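Observations on chain architecture
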Amino acid sequence: MNIQREYLLENTFGLTSRAQWGCAIEHLTDVVAAQDFSEKNNLSMTCLGSGSNVILQPKLAGLVCSIRIQGINVIEESTDSVLVEVGAGVVWHTLVMESLKRGWFGLENLALIPGSVGAAPVQNIGAYGVEVAQLIVGVNIVDGFRDSRQIKRKDCQFVYRSSIFRSRPDWIIVSVVFRLSKLPAIESSYPELERALKDLPAAEPSAQNVADCVIALRRRKLPDPAEFANVGSFFKNPIVTIEVGSAMQNRGFKIFAHGQEYKLSAAQLIDYAGWKGVRHGDVGCWAQQPLVIVNFGAARCADILSFSKDVANSVFEQYQIQLELEPSLLS
Ligand SMILES: Cc1cc2nc3c(=O)[nH]c(=O)nc-3n(C[C@H](O)[C@H](O)[C@H](O)COP(=O)(O)OP(=O)(O)OC[C@H]3O[C@@H](n4cnc5c(N)ncnc54)[C@H](O)[C@@H]3O)c2cc1C
């Protein structure tokens, strides 16, 4: 394994950022070698997948490890389900497509989410009515003491866009174990998806139909990071008390049941606060989905943070709702 100085970091926000030290981790043995290096040189260690949910400062201290561990391996198979271990470096969308090809179902609503399998449990990725936590059996990690172990789903503390992994940067996720069904069970409760499926000629939509509709919906609404650099949703949808939710509903906002609380749409708050399609220099809110902040060219990390602060302050001033960053800010 080659550990390099001034390591250039990949990310989908178009930010130029170099780590003090960096390396690609392709095998389990590389993990321990990287841990030895960081300990010997007294460096902090950070993992990175595809950089599609991070805001990178121009310089990152310590050792940054790009996780590239591959492999989709069946552990156990029965007539109705399969237990599969997937390397943290596998591209998420590749796993979704490969699962459909092999007749494994459950991941189709999460098609086209950028990023790696290892990052999926970190923020409990979710879209179109499904969260990845529903399909995870356990997450295999190497901890700061070099112990390899599996964190079972019940111990992952999965909640909306978060998990225990957000607060354990010393844990390196090396693979994720999923239980996938061999019997298709279509999840179409998300209204936009339900409508798209109803427009299809097939009476009973297949899992492939679901993936195709999700891909089409996402392409229509979200900017492709290869063309317009972004990290997807910039803020989490705020979770509020029943009282606050009801008051917001009276002011014309959508509310969604979320356990004993309500979830608001951050996109709607940003839109109503007047930021949809607004651009300052090279940073702006995407016109079709204002929750996505785009780097239209040469914006720097500081420009993006300053713009996002203005958006959040404006929402707070108008609605007294505090927006919280969804991506991790790495420095
Ligand atoms: C256009 C677009 C659309 C998006 N849509 C969605 C969506 O619908 N739903 C959704 O939930 N997200 C969405 N996202 C966000 C993003 O795709 C996910 O968060 C994805 O899981 C990030 O994967 P990554 O490999 O790029 O992670 P990175 O950005 O590289 O890392 C994210 C975090 O995970 C940590 N991490 C990464 N790999 C590991 C590892 N192996 N071990 C330990 N920690 C690790 C990093 O330190 C960092 O804190 C979108 C992003 C974009 C650009």
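Procedures and definitions
Residues numbered from 1 in each chain as written. Predicted model: local features only at pLDDT ≥ 70, side-chain atom pairs only at ≥ 80, totals over all residues. Heavy atoms only, no water. Helix = DSSP H or I, 4+ residues; strand = E, 2+ residues; numbered from the N terminus. Buried < 20%, exposed > 50% of the residue type's maximum accessible area, 1.4 Å probe, protein only. Contact = heavy atoms within 4.5 Å. Lys, Arg positive; Asp, Glu negative; His and termini not counted. Charge placed at Lys NZ, Arg CZ, Asp CG, Glu CD. Pairing = 2+ DSSP bridges. Axes fitted to C-alpha atoms, helices over the stretch in contact; angles between N-to-C directions. Polar contact = N/O pair within 3.5 Å; in protein donor to acceptor, adjacent residues only side chain to side chain. Domains from an automatic or database assignment. Buried area = accessible area lost by both parts, 1.4 Å probe. Left-handed = near helix turned anticlockwise from the far one by under 90°. Near = heavy atom within 4 Å. Nonpolar A, V, L, I, M, F, W, Y, C, P; charged D, E, K, R; others polar. Salt bridge = Lys/Arg side-chain N within 4 Å of Asp/Glu carboxyl O. Core = buried A, V, L, I, M, F, W, Y, C linked by side-chain atoms within 4.5 Å.

Looking now at the overall build of the chain. When its secondary structure is counted, the chain shows seven helices and 20 strands. Based on the C-alpha atoms only, the size of the chain along its principal axes is roughly 60 × 50 × 35 Å. A total of 331 residues make up the chain; the buried ones form 48% of that total. Counting only contacts in the chain whose residues sit at least 6 apart along the sequence, the fraction spanning at least 24 positions is 62%. If you average the places of the 31 positive and of the 34 negative side-chain charges in the chain, the two averages end up 2 Å apart.

Moving on: the sheet that holds strand β16 (residues 261-264). Strand order across the open sheet formed by three strands is β14-β16-β15, with antiparallel pairing between neighbours. Every other strand in the sheet has two partners, leaving β14 (239-240) and β15 (255-258) as the edge strands with one partner each. In this structure, β15 lies alongside β16, joined through four bridges in antiparallel fashion. Considered in β16, the bridge of H258 is made with E261.

Our focus in this paragraph is the sheet that holds strand β12 (residues 172-181). Taken together, five strands build an open sheet; the order of strands is β6-β7-β12-β10-β11 and the sheet is antiparallel. Every other strand in the sheet has two partners, leaving β6 (72-77) and β11 (148-152) as the edge strands with one partner each. Ignoring strand direction, the axes of neighbouring strands in this sheet form an average angle of 25°. Judged from the five bridges that link them, strand β10 (residues 136-142) and β11 form a sheet pairing that is antiparallel. Bridge pairing links G138 to K152 in β11. Contacting β10 and β12, helix α1 (residues 28-40) crosses the sheet at an angle of about 150° to β12. Sitting on the sheet, helix α2 (residues 92-102) is in contact with β6, β7 (81-87) and β12, with an inclination near 45° to β6.

Time to look at the side chain of N11. Mapped onto the elements of the fold, N11 is located in the loop between β1 (4-8) and β2 (18-25). Overall, N11 belongs to the buried group, its relative accessible area being 15%. Within the structure, N11 has its side chain in polar contact with the backbone oxygen of L9 (distance 3.4 Å). In this structure the side chain of N11 is engaged in a polar contact, spanning 3.3 Å, whose partner is the backbone nitrogen of G14. Sequence-distant contacts of N11, that is, excluding residues within four places in its chain, are made with S50, G51 and L56.

Each assigned domain of the chain is listed here: domain 1 (4-67), domain 2 (72-181) and domain 3 (229-321). In this structure, domain 1 and domain 3 have C-alpha centres spaced 30 Å apart. Tallying the contact residues gives twelve residues for domain 1 and twelve residues for domain 3. Between domain 1 and domain 3, a total of about 830 Å² is buried, with carbon and sulfur atoms accounting for 69% of that surface.

So, on to the packing of helix α3 (residues 191-198) against helix α4 (residues 207-221). The N-to-C vectors of α3 and α4 enclose an angle of 120°; their axes lie 10 Å apart at closest approach. As α3 runs across α4, the sense of the crossing is right-handed. Two secondary-structure elements touch here, α3 through E192, L193, A196 and L197 and α4 through N209, V210, C213, V214, L217 and K221.

Our next topic: the environment of P169. Mapping P169 onto the fold places it in the loop between β11 and β12. Residue P169 is classed as exposed on the basis of its relative accessible area of 58%. A sequence separation of 47 residues divides P169 from V122, and the C-alpha atoms of the two residues are 10.0 Å apart.

Residues in contact with the ligand amount to 30 residues; listed here are only the nearest, C47, G49, S52, P114 and S116. One nitrogen or oxygen atom from the main chain of C47 is found 2.7 Å from an oxygen atom belonging to the ligand. Interatomic distance of 2.6 Å between a side-chain N/O atom of S116 and an oxygen atom of the ligand. For the shell around the ligand, the secondary-structure elements that each account for two or more residues are β3 (45-48), β8 (126-127), β12 and β13 (229-233). In the shell around the ligand, the residues fall into 16 nonpolar, twelve polar and two charged.

Right, let's talk about the pattern of salt bridges for a bit. Per the stated rule, a full pass over the model turns up 19 salt bridges. For E6, the salt bridge identified is with K59, shortest N-O distance 3.6 Å. Taken together, the residues span a long stretch of sequence, with E6 in strand β1 and K59 in strand β5 (residues 59-67) at a distance of 53 residues. Between E192 and K221 there is a salt bridge, and its shortest N-O distance comes to 3.3 Å.

This brings us to the nonpolar core. W92, L95, F165 and F178 are the most contacted members of the largest nonpolar core, which has 62 residues in total. At seven residues, α4 tops the list of elements feeding residues into this core. Counting the residues that make up this core, at least three belong to each of domain 1 (4-67) and domain 2 (72-181). The residues contacting L95, other than those within four sequence positions of it, are I72, V86, V90, L107, V117 and F178. Counting residues in hydrophobic clusters, the runner-up holds 31 residues, among them F234, V240, I255 and V283.

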